[in-house]
Amino acid sequence: MRKIYVSADKRQQDDYRSVMDALNSIPEDYHEPITIYIAPGAYHEKITIDRAYITLEGTGERREDTILTFDDYANDIMEDGMKRGTFRSYSVFIDAHDVTLKNLTIENASGDSLTHGQAIALYADGDRIVVDSCRLLGHQDTLFTGPLPPKEIEKNGFIGPKQFAPRINGRQYYKECYICGDIDFIFGSATAYFEDCTIESLRHFPKEDSGNNSGQIQGYVTAASTPEGQDYGYVFSKCGFISEECPAGTVYLGRPWRDYAKTVFVDCHFDAHIHPALFHDWGKENARKTVFYGVGRCRKESGGGFSEKDNFVRELEEEELSAFSKDKVLSGADKCSSF
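This section reports on the structure supplied with the text. As the structure is a prediction and not an experimental result, all values here were calculated from the model. Within each chain, residues carry numbers counting from 1 in the order of the written sequence. pLDDT decides what is reported in this predicted model: residues at 70 or higher carry local features, side-chain atom pairs at 80 or more are listed and counted, and totals for whole chains, interfaces and linings draw on all residues regardless. Side-chain numbers come from the whole structure's heavy atoms, not from hydrogens or water.

To continue, consider the overall build of the protein chain. Going along the chain from the N terminus, every DSSP run of H or I of four or more residues is numbered as a helix, and every run of E of two or more is numbered as a strand. In terms of regular secondary structure, the protein chain is built from five helices and 27 strands. In this description the radius of gyration comes from C-alpha coordinates, and the expected globular size is given by 2.2 Å times residues to the power 0.38. Its C-alpha atoms give the protein chain a radius of gyration of 20 Å, within 12% of the compact-globule value 20 Å for 339 residues. C-alpha extents for the protein chain along the principal axes are approximately 60 × 50 × 40 Å. Here the protein chain holds 339 residues, and 55% of them are scored as buried. Contacts are residue-level and defined by heavy atoms, with any inter-residue pair within 4.5 Å sufficient. A sequence separation of at least 24 residues applies to 72% of the contacts in the protein chain between residues at least 6 apart. In this count, Lys and Arg are taken as positive residues and Asp and Glu as negative ones, while His and the chain termini are left out. Lysine's charge is taken at NZ, arginine's at CZ, aspartate's at CG and glutamate's at CD. Counting 38 positive and 55 negative side-chain charges, the protein chain places the averaged centre of each group 2 Å from the other. Relative accessible area decides the class of each residue, using a 1.4 Å probe on protein chains only: under 20% of the type maximum gives buried, over 50% gives exposed, and in between gives partly exposed.

This part covers the sheet that holds strand β7 (residues 92-94). Strand order in this open sheet of seven strands is β4-β7-β10-β13-β16-β19-β22, and the pairing throughout is parallel. Two strands in the sheet have a free side with no partner beyond their single neighbour: β4 (47-49) and β22 (251-254). Shown here is a sheet whose adjacent strand axes are inclined to one another by a mean of 10°, direction ignored. Pairing between two strands requires that DSSP report at least two bridges joining them. Fitted lines through C-alpha atoms serve as axes, helices being fitted only where they are in contact, and the angles separating the N-to-C directions of these axes extend from 0 to 180 degrees.

Quick look at the pattern of salt bridges now. Think of a salt bridge as a Lys or Arg side-chain nitrogen and an Asp or Glu carboxyl oxygen that are within 4 Å of each other. The final tally for this structure, using the stated rule, is 22 salt bridges. A salt bridge links Arg128 to Asp98; the shortest N-O distance between them is 2.7 Å. Remark: Asp98 occurs in the loop between β7 and β8 (99-102) and Arg128 occurs in the loop between β10 (122-124) and β11 (129-132); sequence separation between them is 30 residues. Residue classification places Asp98 among the buried positions, given a relative accessible area of 17%. With a closest N to O distance of 3.1 Å, Asp334 and Arg128 form a salt bridge. Of this pair, Asp334 sits in the segment after α5 (326-329) while Arg128 sits in the loop between β10 and β11, and the two are 206 residues apart along the sequence. Overall, Asp334 belongs to the partly exposed group, its relative accessible area being 41%. Taking relative accessible area as the criterion, Arg128 reaches 13% and is therefore assigned buried.

In summary, the pairing rule links any two rings of Phe, Tyr or Trp, Trp by its six-membered ring, whose centres are within 6.5 Å, and it sorts them by plane angle into stacked for under 30 degrees, edge-to-face for over 60 and tilted for everything else. For the structure on display, the rule yields 32 aromatic pairs. Relative to Tyr252, the ring of Tyr220 lies with its centre 5.7 Å away and its plane at 10°, an arrangement referred to as stacked. In this pair, Tyr220 is assigned in strand β19 (residues 219-224) and Tyr252 in strand β22, connecting sequence segments 32 residues apart. Ring geometry for Tyr234 versus Phe236: centroids 6.4 Å apart, planes at 75°, classification edge-to-face. There is no split in this pair, since Tyr234 and Phe236 are both buried. Here a set of aromatic residues connected by ring pairs shows up, and it is made of Tyr174, Phe194, Tyr234, Phe236, Phe241, Phe265, Phe270, Phe279, Tyr293, Phe306 and Phe312. In this structure, Arg258 packs its charged tip against the face of Trp257, placed 5.0 Å from the ring centre. The cationic tip of Lys284 hangs over the ring face of Trp282; the distance from NZ or CZ to the ring centre is 4.6 Å. To sit over a ring, a charge needs its Lys NZ or Arg CZ within 6 Å of the ring centre and within 35 degrees of the ring normal.

Next comes the structure, spelled out in structure tokens:
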């Protein structure tokens, strides 16, 4: 396996100063595994990984030590007078199969979502993608698990690098990650399995805007766009959903970006910020008939069950849970060994 080293201060003569310099050094016809080891530090650059069998790994003792950061955002006005839009706002873009990120912080540092709108930290579009022991930091739309849905709802809504690309579902595995945001901060169409992750909801509206309305909705964790007929969307296993900022009952676990959204939680813990109804229908009557939203063996801070959940949310029976194991969700003869 080939190894490449990156350090902002060129600790060794052969080190690259930037991650993109290291990626650009790889020949287009090179198809063997490569690990790019990134020294501790903050790397302010917009990164695209478009080669297969690439691993980016931070070499610090902690994932906080190596930071890949950029600050594009949807409301930014481009030279042609158009807004940048969601899908050009990413800090790191994976556009390949068999890519692994490990021991890194990936950040969109643009700022709050009220001012900046959507701002993607990680745009991941490919099969057999592994994100291991990473932090994904942002506000609205922190993590996009591609592909895009087949059609945009608003004109020019999909402007970006994959706007006209074929929509190919991929499998993605997030292990022991920390992901934070406020509005729809985990969204997309992929089959994605989240294991032992910490998911933190940030406050969307500042405290001074709340007035006497302490129950003002502060956010939505997920917005899946699972295509019709796809077996799995998002599965969260043994994850903790926390918030230091959001009042009790002000964050929904998810809402359907598209009608056939699938999102399941197994053996998860929900702090008090999670709304007692669990999910929101986004005002889509048809989605109530087509979504698959479920919880199984989950716990909430206040104890008890989920009696306030809406009728389109399922509390899964014990015999149903085996269908949502990691092996089942990420199955396939060609699955990644890291799954």
